[in-house]
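Remarks on the overall topology
Below are the chains, spelled out letter by letter.
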Amino acid sequence: QVQLVESGGGLVQPGGSLRLSCTTSVSIEGINSMAWYRQGPGKQRELVARITSGGSTNYTDFVKGRFTISRDNAKNTVYLQMNSLRPEDTAVYYCNVVFGPIFTTYWGQGTRVTVSS
């Protein structure tokens, strides 16, 4: 079982920045991929960004150039740096991990991001 602990959400004004963190209970070197998803009010959960075990990253179009996903293997932590935030980025952000030989998926509890003036 993989435990995920997220932090870093909060209230920020449009144009501001936040950094989300997700710390795992296992070494991220053994993880197949880590990702951030989000679910806005009345919307379905959607992929924001993903980083693979090899370090490759991909982003959904609406965050390209504004968000950056990265990881710190020593801290077993993946980050999502969010810049130039917009009201439409308001959502609960979830950490997602795919781990193990049968690619089991785990989810964090979510951290709320509100972008508002």
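Here is a short report on the structure shown in this document. (Residues numbered from 1 in each chain as written. Predicted model: local features only at pLDDT ≥ 70, side-chain atom pairs only at ≥ 80, totals over all residues. Heavy atoms only, no water.)

**Some words on unusual backbone geometry**
The phi angle at N76 is positive, at roughly 50°, despite the residue not being glycine. With respect to the secondary-structure elements, N76 resides in the loop between β7 (67–72) and β8 (77–82). The phi dihedral of F103 is positive, around 55°, even though this residue is not glycine. In this structure, F103 sits in the loop between β9 (91–99) and β10 (104–107). Overall, the relative accessible area of 54% leaves F103 in the exposed class. (Helix = DSSP H or I, 4+ residues; strand = E, 2+ residues; numbered from the N terminus. Buried < 20%, exposed > 50% of the residue type's maximum accessible area, 1.4 Å probe, protein only.)

**Considerations on the packing of aromatic side chains**
On inspection of all chains with the given rule, the structure shows two aromatic pairs. Both rings, one in Y37 and one in W107, keep their centres 4.9 Å apart while their planes meet at 70°; by these two values the pair is edge-to-face. Within this pair, whereas Y37 is found in strand β4 (residues 31–39), its partner W107 is found in strand β10, the two being separated by 70 residues in sequence. Residue classification places W107 among the partly exposed residues on the basis of a relative accessible area of 37%. (Phe/Tyr/Trp six-rings, centres within 6.5 Å; stacked < 30°, edge-to-face > 60°.)

**Quick word on the side chain of R38**
Along the chain, R38 turns up in strand β4. Within the structure, the side chain of R38 is placed 2.9 Å from the side chain of D89, a separation counted as a polar contact. What R38 contacts, discounting residues up to four positions off in sequence, is Q44, R45, E46, V48, F62, V63, F67, E88, D89, A91, V92 and Y93. (Polar contact = N/O pair within 3.5 Å; in protein donor to acceptor, adjacent residues only side chain to side chain. Contact = heavy atoms within 4.5 Å.)

**Structural notes on the environment of S17**
Mapping S17 onto the fold places it in the loop between β2 (10–12) and β3 (18–24). The sequence separation of S17 and Q81 amounts to 64 residues, and the corresponding C-alpha distance is 7.5 Å.

**Things to note about the nonpolar core**
Core analysis: the largest hydrophobic core is formed by 28 residues, its most contacted members being W36, V48, F67, V78, L80, M82 and Y93. In terms of residue count, the dominant contributor to this core is β9 (four residues). When near neighbours in sequence (up to four residues on either side) are disregarded, Y93 contacts E6, L20, W36, Y37, R38, V48, F67, L80, M82, G110, T111 and V113. (Core = buried A, V, L, I, M, F, W, Y, C linked by side-chain atoms within 4.5 Å.)

Such coordinate-based values are descriptive only and should not be taken to indicate function.
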